[in-house]
Amino acid sequence: MSDDSPKTETPSHPNVPSVDQSDRMVPRNLRQSGDPGIEMLVSTRVRKSPFFHKSFNEEGAWRATVYNRIYHPRGMVEPEDGGMMKEYDALVNRVTLWDVAVERQIRVKGSDAENFVNYVITRDATEIEPMHGKYVILCNENGGILNDPVLLRPAEDEFWFSISDSTLMQWLQGVNVGHDYDVDIDEIDVAPMQIQGPLSEDVLVDLVGEEVSEIPYYGLMDAEINGCSVLVSQTGFSGEKGFEIYVRDAMKNAEAVWDPVLASVKDHGGMQVAPAHHRRIAAGILSWGQDMDHETSPFQVNLAYQVPDDKEADYIGKETLERQREDIEAGDYPFNMKMVGLKLGGEPISDYAPDFWHVSESDSGTKVGYVTSPWYSPKLQTNIALAHVPAEKTDIGTEYEVHLPDEYANEPGEPVPAKVAEVPFQKSVNPSAREQAKMNAEEDATN
């Protein structure tokens, strides 16, 4: 990547990258400018989700971001009342409801749906059976990650891309220009919510019955809540056990589904929270646009498993990605930067980072990388982070320094020590209780 930004550091001015931007993996917005404390403008240019009134007007979300051009609640508990760490406690110990209507649903439907989807994702779409899903990535011709959605297949001729933050629908429609696959590609009126936490299965049983306990990980189930049609999946973004409820005809049915779901969550001691980035970081779950983007190869961010070596069908980016794999296997790593986990010092990082904080070599002090996703882990009792560092210096235990803002630094203006750690920092909890019992029984029978 090229960039006209200054390459020299000006200590008196914080708005300078101070990391060589001739490396295409350094983000263009690597600016240490902090949080200006501005107010978000709410206008008709950005969409309000079908859950907007519930999240903001009734449940009192106090701040928001814009995700997929939709307002998204990112704080339910005020900082003086415990903030994000109180929300974390509800997630890992009870159950939580998330408003994730920003995960727009892009449907590909038609007789060529499987062939089209197989052409745009790196994994093998033919292995996804109806009423199942998978976590997938889509890449451009240079092998850069365009999106990492959960891909659902509710019917033989129908796929839903539950997308992360990007304009994927326009790209998919553009891909089909000239290819003429027999498919319709459009956004559908479906809005998801997530039920996450150890009591999530109890909530879903209350709402849709015992059958939900039979759903395998990434499995789907049609159901009704309060007379409204929904699709339930055992998926989530938390690292905890969880489910997603996709509300069909959401403009009409969203609130009719939301109310009994939230009531059940509260009956089980839970609450609505913002998406739990503190827990997903611990689980090593990536956030598109933050940990990776269209210039990032899956081999840089621990997503090599998304590039199968036995997929015969052609797909966008295949030639580049297969060449990258060959280079890596030959010991010639084709990138300057690679993602690692860091355990780092400093005061507990208890909220979102407004900047990509710099990472320096511990001996020379030279800035060589940047942190993408930092937070404090209550379970591990330390700050943890995902970060991009030189590819040749990623061994577990490698020492670095991280330049935290003064509010988190041990000494103002001084970096804190950091070490490369294994990712995930904390394992995910995926299968339902009944599914886990089945797996245990099968394992016992085999032994």
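Rules of the game
Residues numbered from 1 in each chain as written. Predicted model: local features only at pLDDT ≥ 70, side-chain atom pairs only at ≥ 80, totals over all residues. Heavy atoms only, no water. Pairing = 2+ DSSP bridges. Helix = DSSP H or I, 4+ residues; strand = E, 2+ residues; numbered from the N terminus. Axes fitted to C-alpha atoms, helices over the stretch in contact; angles between N-to-C directions. Contact = heavy atoms within 4.5 Å. UniProt positions renumbered as here; feature names shortened; annotations may be inferred. Buried < 20%, exposed > 50% of the residue type's maximum accessible area, 1.4 Å probe, protein only. Polar contact = N/O pair within 3.5 Å; in protein donor to acceptor, adjacent residues only side chain to side chain. Phe/Tyr/Trp six-rings, centres within 6.5 Å; stacked < 30°, edge-to-face > 60°. Lys, Arg positive; Asp, Glu negative; His and termini not counted. Salt bridge = Lys/Arg side-chain N within 4 Å of Asp/Glu carboxyl O. Parallel < 35°, antiparallel > 145°, perpendicular 65-115°, else oblique. Nonpolar A, V, L, I, M, F, W, Y, C, P; charged D, E, K, R; others polar.

A. Region of the structure containing the pairing of strand β4 (residues 105–109). The pairing of β4 with strand β9 (residues 158–162) spans 5 bridges and is antiparallel. From the neighbouring strand, I106 faces β9, where its bridge partner is F161. As defined by bridge partners, β4 adjoins strand β10 (residues 184–187) across 4 bridges and the pair is classed as antiparallel. Within β10, the position partnered with V108 by the bridge is I185.

B. Focus on the sheet that holds β4. Here we have 5 strands laid out as an open sheet, ordered β5-β8-β9-β4-β10, and antiparallel in their pairing. At either end of the open sheet lies a strand with only one pairing partner, and these are β5 (132–135) and β10. When the angles between neighbouring strand axes are averaged without regard to direction, this sheet yields 20°. Those strands touched by helix α3 (residues 113–120) are β4, β8 (150–155), β9 and β10, and its axis lies near 35° from that of β9. The sheet contacts of helix α4 (residues 168–176) involve β4, β9 and β10, and relative to β10 the element is tilted by about 170°.

C. Summary view of the UniProt feature "binding site: substrate" (unreviewed entry) in the protein. In this numbering, the UniProt entry assigns the feature "binding site: substrate" (unreviewed entry) to E244. With respect to the helices and strands, E244 occurs in strand β14 (residues 242–248). Here E244 falls in the buried class, since its relative accessible area comes to 2%. Residue contacts for E244: discarding those within four places in its chain leaves V100, E103, P192, M193, Q194, L231, V232, S233, T235 and G236. Polar side-chain contacts of E244 include one of 3.3 Å to the side chain of Q194.

D. Here's a closer look at the pairing of β14. Burial of β14 is extensive: 6 of the 7 residues sit out of reach of the surface. In this sheet, β14 lies alongside strand β11 (residues 190–196) in antiparallel orientation, the contact comprising 7 bridges. Counterpart to A191 in the pairing with β14 is V247.

E. The packing of aromatic side chains, seen in detail. Inspection of the entire model under this criterion finds 11 aromatic pairs. For the pair F116 and Y181, a centre-to-centre distance of 5.4 Å together with 75° between the ring planes defines the contact as edge-to-face. Taken as a pair, F116 in helix α3 and Y181 in the loop between α4 and β10 lie far apart in primary sequence, 65 residues in all. For F116, a relative accessible area of 0% gives the class buried. Judged by its relative accessible area of 21%, Y181 is partly exposed. Here the aromatic cluster, defined as three or more aromatic residues joined through ring pairs, consists of F52, F56 and Y71.

F. Seen up close, unusual backbone geometry. Note the cis peptide between V423 and P424, where omega equals 5°. Note on placement: P424 falls in the loop between β21 (416–421) and α9 (433–446). A positive phi angle, close to 70°, is found at M131, a residue other than glycine. Among the structural elements, M131 can be located in the loop between α3 and β5. The class of M131 is partly exposed, set by a relative accessible area of 22%. In this structure, Y218 takes a positive phi of about 70° despite not being glycine. Within the element layout of this structure, Y218 appears in the loop between α5 (200–208) and β12 (220–225).

G. Main features of the sheet that holds β21. Read around the barrel, 6 strands follow the order β16-β19-β18-β17-β20-β21 and close on themselves; strand pairing throughout is antiparallel. Shown here is a sheet whose adjacent strand axes are inclined to one another by a mean of 45°, direction ignored. In this structure, strand β16 (residues 337–344) lies alongside β21, joined through 4 bridges in antiparallel fashion. In the sheet register, G341 faces β21, and the bridge partner there is A421.

H. Focus on the environment of D291. Mapped onto the elements of the fold, D291 is located in the loop between α7 (277–282) and α8 (318–329). According to the relative accessible area criterion, D291 is buried, its value standing at 2%. Counting along the chain gives 172 residues from D291 to Y119, while the straight-line C-alpha distance between them is 25 Å. Excluding residues within four positions of it along the chain, D291 makes contact with R280, I285, L286, V301, M339, T372, S373, L386 and H388. Polar contacts involving the side chain of D291 include one to the side chain of T372, which spans 2.6 Å.

I. Looking closely at the side chain of R74. Here R74 is to be found in strand β2 (residues 70–75). Notably, R74 is buried but unbridged: the nearest opposite-charge side chain belongs to D165, and the N-O separation is 7.1 Å. A polar contact of 3.3 Å, which involves the side chain of R74, links it to the side chain of H72. If we skip the residues at most four places from it in the chain, R74 touches R63, A64, T65, Y67, M84, A274, P275, H277 and Y352.

J. Structural detail: the packing of α3 against α4. Between α3 and α4, the least distance of the axes is 11 Å, while the angle of their chain directions is 110°. Our classification of the angle between α3 and α4 gives roughly perpendicular. Along its contact with α3, which presents F116, Y119 and V120, the element α4 presents W171, L172, V175 and N176. For the contact of α3 with α4, the class distribution of residues is 6 nonpolar, 1 polar and no charged.

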